[in-house]
Amino acid sequence: MENGSRNRENGSRNVLKPMDSEQLREYGHRMVDFIADYYKTIESFPVLSQVQPGYLHNILPDSAPDHPETVEQVLDDVKTKILPGVTHWQSPNFFAYYPSNSSVAGFLGEMLSAGLGIVGFSWVTSPAATELEMIVLDWIAKMLNLPDQFLSKGKGGGVIQGSASEAVLVVMIAARDKVLRSVGKNALGKLVVYSSDQTHSALQKACQISGIHPENCRVLKADSSTNYALRPELLQEAVSRDLEAGLIPFFLCGNVGTTSSTAVDPLGALGKIAKSNEMWFHVDAAYAGSACICPEYRQYIDGVETADSFNMNAHKWFLTNFDCSLLWVKDQYALTEALSTNPEFLKNKASQENLVVDYKDWQIPLGRRFRFFALSQEHLHAYLHYTEILCIVFLNRSLKLWMVLRLYGAETLKNYIRNHIKLAKDLEQLVSQDPNFEVITPRIFALVCFRMVPTDDNDEKKCNRRNLELLEAVNSSGKLFISHTALSGKIVLRCAIGAPLTEEKHVKETWKVIQEKASCLLPK
């Protein structure tokens, strides 16, 4: 009896209290200090991780611990074992792919979202989560000067997806089901999708998931004559051929800021073709959409009024932590008709009477976070003081975006983007002044596409190999990280400026490193 009583007593002391407010306060301070110290020293790390595949398997245990460990032990392992295998996306010397912004406001929003732990799949599960998302998406639509049809006051509205890949998938499913309701489900094999060959591979995956036959995906060639934008006449020719063959054109994807070179498709002209052929027109502005809040760059989405859906990633260049992809549609019914489910256990009065928006019917998964945006800088210290109170009031997905907008404000965000574009312009000039390099496509936003020029023999294969060697040399230095693409058979180096901490000195040092590494590869 005595042993049994002792065992029960020991067991009660080991009962887990997973959300103890005082423990959260203590551990939270340590975690914030850890992350603040990381940002303070971020330039001391190699930008691109230099570890070998499988490195972590050799230094972590084979099984999970049986008993609790301390936060200090965990953070020590993060320092010594995890960080060496991290590629530092927030480093001021990160220029690869496209940026994935983090910020104080975005981080605070993530804290609130995680702390509140809301799963806001329908209005009733957290009214503030749904309504804040609607309001914030309307705010940004107005900043972009999108047509009123994209606002929540009418038949359209906005929703936060996890990525641009999810956004294009849900609108393709909506477009597919809309046309099949008209022509019959057996016509799936006749549906045709159109895009340029510069469109993100996410479109191909969306086609695969949506059941579009691979032979019905028209990937139209773009070239340097249009700076890799899709030519409307090429689209019209393809659509006409398919109509003559008895096929059904149903979906067109246009781009504002392609992944390879930030090419911008002529939205107005493409939209007219889509409308005349009753096709769904989706605009992918995942990267460059953020820049279009600046009046001088709004021109690049002229013609968006012809689109059925529009997407931009706030987590790329809008100081909002990943994931936060914004999708607007003109016809929310098309989404809900294709994606809605209504099992008995989810039924409620507000939803049944169509009084509210249930975002579960605007996306693939059921569950969704409360993603916040941000505030004005001068309110930041006061905000931190009242965080405990706000945690009780607010909720998940739109939170961090709301905080970004409020903590920084529209004008600060515009100037943040303009500064990166200026730095990219400066780099473009540096490249142009060096006879060993050439700019491949005109810079539009904050991406510079360039390469080492061919030597006297003009051998493009050798030139491609040399540029890949330069890429490897630059990235293996640990001083910076750039990426590459291929345009018209040419290997092209990409330098995308957009990390929150990047300044003029970082861009100048980056160019210096590139020149130094290139000098070792030039013929003697």
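Coordinates for the structure precede this section.
Notes on the structure in this doc start here. (Residues numbered from 1 in each chain as written. Predicted model: local features only at pLDDT ≥ 70, side-chain atom pairs only at ≥ 80, totals over all residues. Heavy atoms only, no water.)

**Digging into the state of the cysteines**
Then, number 1: Taken as a whole, this structure holds zero disulfides when the rule is applied.
Then, number 2: Just so you know, Cys449 is unpaired, no disulfide at all, and the nearest cysteine sulfur is the one on Cys495, 9.8 Å from it.
Then, number 3: Of the residues examined, Cys449 reaches a relative accessible area of 0% and is grouped as buried. (Disulfide = S-S within 2.5 Å. Buried < 20%, exposed > 50% of the residue type's maximum accessible area, 1.4 Å probe, protein only.)

**A word on the environment of His506**
Then, number 1: Here His506 lies in helix 17 (residues 504–519).
Then, number 2: Its relative accessible area of 4% is what places His506 among the buried residues.
Then, number 3: Considered as a pair, His506 and Leu480 are 26 residues apart in the sequence and their alpha carbons are 9.3 Å apart.
Then, number 4: A distance of 2.9 Å separates the side chain of His506 from the backbone nitrogen of Glu503, its partner in a polar contact. (Helix = DSSP H or I, 4+ residues; strand = E, 2+ residues; numbered from the N terminus. Polar contact = N/O pair within 3.5 Å; in protein donor to acceptor, adjacent residues only side chain to side chain.)

**Quick word on the nonpolar core**
Then, number 1: Ile140, Phe310, Phe318, Leu326 and Trp328 are the most contacted members of the largest nonpolar core, which totals 97 residues.
Then, number 2: It is helix 15 (residues 399–432) that provides the largest number of residues to this core, a total of 16 residues.
Then, number 3: Membership of the second largest hydrophobic core comes to 29 residues, among which are Ala206, Phe251, Trp280 and Leu335. (Core = buried A, V, L, I, M, F, W, Y, C linked by side-chain atoms within 4.5 Å.)

**Examining the packing of helix 2 (residues 21–40) against helix 3 (residues 71–82)**
Then, number 1: Running from N to C, helix 2 and helix 3 cross one another at 15 degrees; their axes reach a closest spacing of 11 Å. Viewed along their axes, helix 2 and helix 3 adopt a mutual orientation that is roughly parallel. As helix 2 runs across helix 3, the sense of the crossing is right-handed. For the pair helix 2 and helix 3, contact is made by Tyr27, Arg30, Met31 and Phe34 and by Val71, Glu72, Leu75, Val78 and Lys79, respectively.
Then, number 2: Class assignment of the residues belonging to the contact of helix 2 with helix 3 gives a composition of six nonpolar, no polar and three charged. (Axes fitted to C-alpha atoms, helices over the stretch in contact; angles between N-to-C directions. Parallel < 35°, antiparallel > 145°, perpendicular 65-115°, else oblique. Left-handed = near helix turned anticlockwise from the far one by under 90°. Contact = heavy atoms within 4.5 Å. Nonpolar A, V, L, I, M, F, W, Y, C, P; charged D, E, K, R; others polar.)

**Things to note about the sheet that holds strand 11 (residues 483–487)**
Then, number 1: Taken in spatial order, the four strands of this open sheet run 9-10-12-11, and their pairing is antiparallel. Every interior strand has two partners, whereas the edge strands, strand 9 (437–439) and strand 11, have only one. The sheet shows a mean angle of 40 degrees between the axes of neighbouring strands, taken without regard to direction.
Then, number 2: As defined by bridge partners, strand 9 adjoins strand 10 (residues 447–452) across three bridges and the pair is classed as antiparallel. Bridging across to strand 10, Phe437 finds its partner in Met452. (Pairing = 2+ DSSP bridges.)

**A word on helix 5 (residues 127–143)**
Then, number 1: The first and last C-alpha atoms of helix 5 sit 25 Å apart over 17 residues, in line with the 24 Å expected at 1.5 Å per residue.
Then, number 2: Turning to helix 5, its buried residues are Ala129, Thr130, Leu132, Glu133, Met134, Val136, Leu137, Asp138, Ile140, Ala141 and Met143.
Then, number 3: One or two positions beyond helix 5, positive phi appears at Asn145, with a value near 55 degrees. (Expected span 1.5 Å × (residues − 1).)

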